[in-house]
Amino acid sequence: MSHYDFCRQNVGRPVKIVTHDGIVHRGIIRRVNPSKVFIDPLDARRGAGGYGYGFFGYGRGLGLGIALGAIATIAFLPFFFW
Amino acid sequence: MFKMVSYQELISQLGIDYTHPGGKAATDKWLKQIPKNLKNVLEVGCGTGETLKQLRDHTTAFLYGIDNCANMTTKAKNKTKDLHHMEIMQQNIEDLSFIHQFFDLIISESVLAFTPIDNSLPKLTNLLKPNGQIILLEMTTSSLLPQDKERIKTFYQLPQLLSKEDWLKQLLDHGYETVYLEKVEKESKKPITLPQHLSMEMLQTLNEHFQLNTIYANDLHTYLFIAKKRGENDDHICN
Amino acid sequence: MTIYATDKWIKEFTNKKDRKDRKEQYLLHQSIICEPLTHFFEDIHSEFIQEHLLRHGLFSPNLNKEDSEQWIQQNYLSKVNKIYQKCKKAWNGPDPAIFVFPSNEEIRELKEWYNSNTGLSYPDKLFLFLQKNAKNREIVALFLHEYSHICRLNHFPKKEMEYTLLDAIILEGIAEWIVRKKIGHTYGNKRIEKISDELLADLWKTWIAPQQQMTRDHPKHDMIMYGFNGVPKNVGYIIGYNIIQRYMTKQPCSITTLLQTSNQDILATVDSLPRN
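Below or above, wherever it landed, is the structure these notes cover. (Residues numbered from 1 in each chain as written. Chains lettered and ligands numbered in written order. Predicted model: local features only at pLDDT ≥ 70, side-chain atom pairs only at ≥ 80, totals over all residues. Heavy atoms only, no water.)

**With respect to the side chain of Gln170 of chain B**
- Within the fold, Gln170 of chain B resides in helix α7 (residues 164-173).
- When residues no more than four places from it in sequence are discounted, the contact partners of Gln170 of chain B are Ile117, Asp118, Leu121 and Leu162 of chain B. (Helix = DSSP H or I, 4+ residues; strand = E, 2+ residues; numbered from the N terminus. Contact = heavy atoms within 4.5 Å.)

In structure tokens, the structure reads:
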């Protein structure tokens, strides 16, 4: 199945996406078009902290969307409620 | 400007099925084990009514469901409107208006842990017939530092955070015997689907929930407890 | 010696990654590059350190041997050491653990806005992620930025998660001001520019004033610093830079003094911020 089809069929589901550049994105699939998928990000570990130079890969999932062509792997994120 | 949504508000706003650990698989685990010939069954915190719907296929008993959230009871009523012998009410455990020893079976899927158990468990026990059963699917913890415990309790607004042993002791102290217990997988196999529109505030709470469960993945567990209330005459048996 | 011999780790990684599949390369990156770093983080698994650093621009498991060799030939470790010794002396600064790694040159945003050089600093440690053709001035600019954080964090010590949004914007503002002052206006974060008093007051009111004391573990903290989900890009950095720029115009002082000036003293001096 193409990433496009997978994303279309799983709107609303929490996923873990790893892009070819090695960055991990976690979030809920919101919408998808033929070139990009948009997610509401879920951040597993903000606790690692630090002060950076202004660049942070976190925002790409939402603001710009993730290019489908940049996706290496996509999988469901284990999730549950108490 | 940045209002917080509590975890309970989030769950109620999401309004999705199986908002308990283990999802449907966890419900199936105890469903198969319920006794025959039940007359009255109560589910506390029935949510959208999904468990009651499942239960309908397993027993002829009259099923009662309560939830303290109107949004949930509306959904549950809607879902079960075609099913017989079913009543859903918006109520708190503290205000339950049933007669003493009315139920053969009481179910709580991750509900009791969110209530002050010193009040809620005796209340439910009182409604249960002698030899009646209580089924609990609840959050347990193991060896957490006090500050970590506090963090979890604050976020989920838990009056207490109990270990497996604490739960067991609570049940035994409140007149239960023959407690069956089993560790249950928290994450459900089937991927969950969340509603289309989540506000920033809901996302933030969802995020916090996800983060806490990543950090404490090995410290928070789910146990299924099936306990039988002692029979009427058992109190007099001395050995 | 506070600069770790990361060139050896990088060599080990690129030597071993040959003929491995993507998943194995990922795990190798985790064990060779990130596992040694776990000693510098409190109770954080190497998997999360890897993920965190990757998001901040650390080279990915895709790094190939040719690029890594070219990177190593640049002798960045000794260049950074020279800069560090000078800075430490000039500012009478602390002694962090320093890790220099290649950056991820595949990330378009990082290339476009930061020329593929970035970093991350903590009170006790500093990461620099440099591209294989980083110019000396770029390295100095980045180092000054990050090291200024370490100086200020150590002067106003707190538990990391207790630092607030206000702490962060002043911290970043000082860092960017120093870079422009010492290296030049074309260096540093290219999104940061001087804005009008009106716009500064406006951004301050919208993004900072209502939640100055929000701690950094709050999800909105990073949202405001970096800017996403409707928040303008790097808005926290831009506000911070403009505050310091105005402060230093009105009350010029040495960098060492600036690094030790409290948030409140800075804010009280800047006229263009609306008083609450």
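**Observations concerning the sheet that holds strand β5 (residues 66-67) of chain A**
Residues and elements named next belong to chain A.
- Spatially, the five strands line up as an open sheet ordered β5-β3-β2-β1-β6, and their pairing is antiparallel. Strand pairing shows two members of the sheet lacking a second neighbour, β5 and β6 (71-76), which therefore form its edges.
- Of the strand pairs in this sheet, strand β3 (residues 36-41) and β5 are connected by two bridges, and their pairing is antiparallel. The residue of β5 that forms the bridge with Lys36 is Ala67. (Pairing = 2+ DSSP bridges.)

**Concerning the pairing of strand β3 (residues 125-130) of chain C**
All names here are of chain C.
- Summarising burial for β3: six of the six residues are buried, a large majority.
- Residues of β3 alternate between two faces, with Lys125, Phe127 and Phe129 on one and Leu126, Leu128 and Leu130 on the opposite face, all of them buried.
- Across six bridges, the pairing between strand β1 (residues 97-102) and β3 is parallel. Residue pairing in the sheet places Pro102 in a bridge with Leu130 of β3.
- Pairing between strand β2 (residues 118-122) and β3: five bridges, direction antiparallel. (Buried < 20%, exposed > 50% of the residue type's maximum accessible area, 1.4 Å probe, protein only.)

**Quick notes on the pattern of salt bridges**
- This model, assessed by the stated rule, comprises 24 salt bridges over all chains.
- Among the ionic pairs, Lys125 of chain C bridges to Asp124 of chain C, the shortest N-O distance being 3.1 Å.
- The buried category is assigned to Lys125 of chain C, whose relative accessible area is 5%.
- The network of salt bridges with shared partners includes Asp17, Glu50 and Lys79 of chain B. (Salt bridge = Lys/Arg side-chain N within 4 Å of Asp/Glu carboxyl O.)

**Notes on the side chain of His20 of chain B**
- Locating His20 of chain B in the fold gives a position in the loop between α1 (7-14) and α2 (23-31).
- With relative accessibility at 5%, the residue His20 of chain B sits in the buried group.
- Side chain to side chain, His20 of chain B and Thr27 of chain B meet in a polar contact 3.0 Å long.
- With residues near it in sequence (within four places) discarded, His20 of chain B still touches Phe81 and Trp82 of chain A together with Ala26, Thr27, Thr51, Glu109, Ser110 and Leu137 of chain B. (Polar contact = N/O pair within 3.5 Å; in protein donor to acceptor, adjacent residues only side chain to side chain.)

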